[in-house]
Protein chains: 2
Amino acid sequence: MSPATQTLNDVNIGAVANLIGAIEADPAKADTQWRATVTWLGGFRTEAKIRGFAPISSDEPAGLGGTDTAPNPVEQVLAALGNCLAVGYAANATARGIELTALRIDISGPVDLHTFLGLREGHAGFSDVRADVFLESPAEQSEIFALHDHVLSTSPVGHTIKAAVPVTISLAV
Amino acid sequence: MSPATQTLNDVNIGAVANLIGAIEADPAKADTQWRATVTWLGGFRTEAKIRGFAPISSDEPAGLGGTDTAPNPVEQVLAALGNCLAVGYAANATARGIELTALRIDISGPVDLHTFLGLREGHAGFSDVRADVFLESPAEQSEIFALHDHVLSTSPVGHTIKAAVPVTISLAV
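Residues numbered from 1 in each chain as written. Chains lettered and ligands numbered in written order. Predicted model: local features only at pLDDT ≥ 70, side-chain atom pairs only at ≥ 80, totals over all residues. Heavy atoms only, no water.

Asker: Talk me through the interface of chain A and chain B; I want residue IDs and the actual numbers.
Answerer: Bring the parts together and some accessible area is lost; that lost area is often taken as the interface size. Residue-level contacts link 123 residues of chain A with 123 residues of chain B. Interface of chain A and chain B: buried area, both sides summed, is about 10700 Å²; carbon and sulfur atoms make up 66% of it. The interface formed by chain A and chain B contains 6 salt bridges. Taking the shortest distance from any N to any O, the salt bridge between B:Arg51 and A:Glu75 comes out at 2.8 Å. Of all the elements, helix 2 (residues 73-95) of chain A adds the most residues to the side of chain A that touches chain B, at 18 residues. Tallied by class, residues from the side of chain A that touches chain B come to 69 nonpolar, 37 polar and 17 charged. With 9 bridges connecting them, strand 4 (residues 102-112) of chain A and strand 1 (residues 31-40) of chain B associate as antiparallel partners. Bridging from a neighbouring strand, A:Val111 pairs with B:Thr32 of strand 1 of chain B. (Contact = heavy atoms within 4.5 Å. Buried area = accessible area lost by both parts, 1.4 Å probe. Salt bridge = Lys/Arg side-chain N within 4 Å of Asp/Glu carboxyl O. Helix = DSSP H or I, 4+ residues; strand = E, 2+ residues; numbered from the N terminus. Nonpolar A, V, L, I, M, F, W, Y, C, P; charged D, E, K, R; others polar. Pairing = 2+ DSSP bridges.)

Asker: So what's going on with the pairing of strand 1 (residues 31-40) of chain A? Which residues, and what values?
Answerer: Across the two faces of strand 1 of chain A the burial differs, with A:Thr32, A:Trp34, A:Ala36, A:Val38 and A:Trp40 buried and A:Asp31, A:Gln33, A:Arg35, A:Thr37 and A:Thr39 not buried at all. Two successive antiparallel strands, strand 1 of chain A and strand 2 (residues 46-49) of chain A, enclose a turn made up of 5 residues, where A:Gly42 displays a positive phi of approximately 105°. (Buried < 20%, exposed > 50% of the residue type's maximum accessible area, 1.4 Å probe, protein only.)

Written out as structure tokens, the structure is:
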């Protein structure tokens, strides 16, 4: 079977192989740029538009002053991490010929609200983030752990959280 | 008007004031815990469940081997940042008595795919993230810039990205 028609894990690994080949021929093809546009809807309700997709709605729980109509931004970060890790397992399992039969990831983390609420200075974000990965596969356990190690070392959202990434926020009034 | 009934910017600032009062009386009330559960749906399609809300769907563009049915995880991180900043402006503007008439935030950032694709070791995430904030208000410009500075120093998602937050990922096979 040619790479272009492999469909293990329902992953189009041929497209990934093509991208890798294109980047090896022209490294600049690895430089990708991503965007979102957020609009405030009043209160703590906002929505984020990404390309042509339905917006990602956001709100805060009532205890934080919101109207609790959608997940809040820190929950969305956890969702993004879990979604990213799942892509990592699916892509790299497929590249290694490993079948996945099920994959679930529970993500959690604490936030101390003192800084967000202006009660003290310091770190306003997650103090740490934890992901528990439940993966089912007929592959050998050693293969699964090697896959796991690879995913940890290559996760775009995982690295964005665990590294100090410069954030520049400019105001145009 | 009592704090409990203030509705400037459609924000229930009374609820925020109540939370601040509760935390000042019992600092442990600032310790919040957040969760998401991600399920792999095949290919690069996943969904993240948060409390009782409709899941946040995720996929990858076709060029990255996905079926392009939803924003991808790195786009979701940008969405979360923009949503978080918007809440920060809305909350703190309201606390300062500043009316917002419109607020839009464009967020963008580059990812070099070499690490994600296993072509080299290193940082797989955003190299940096940029947010451009377009805020309309009848308030004085000096007040708006003071608000802006405060939001930057108190953003949970902004700080999660710009600080090195420990990420622990455990595999249960």
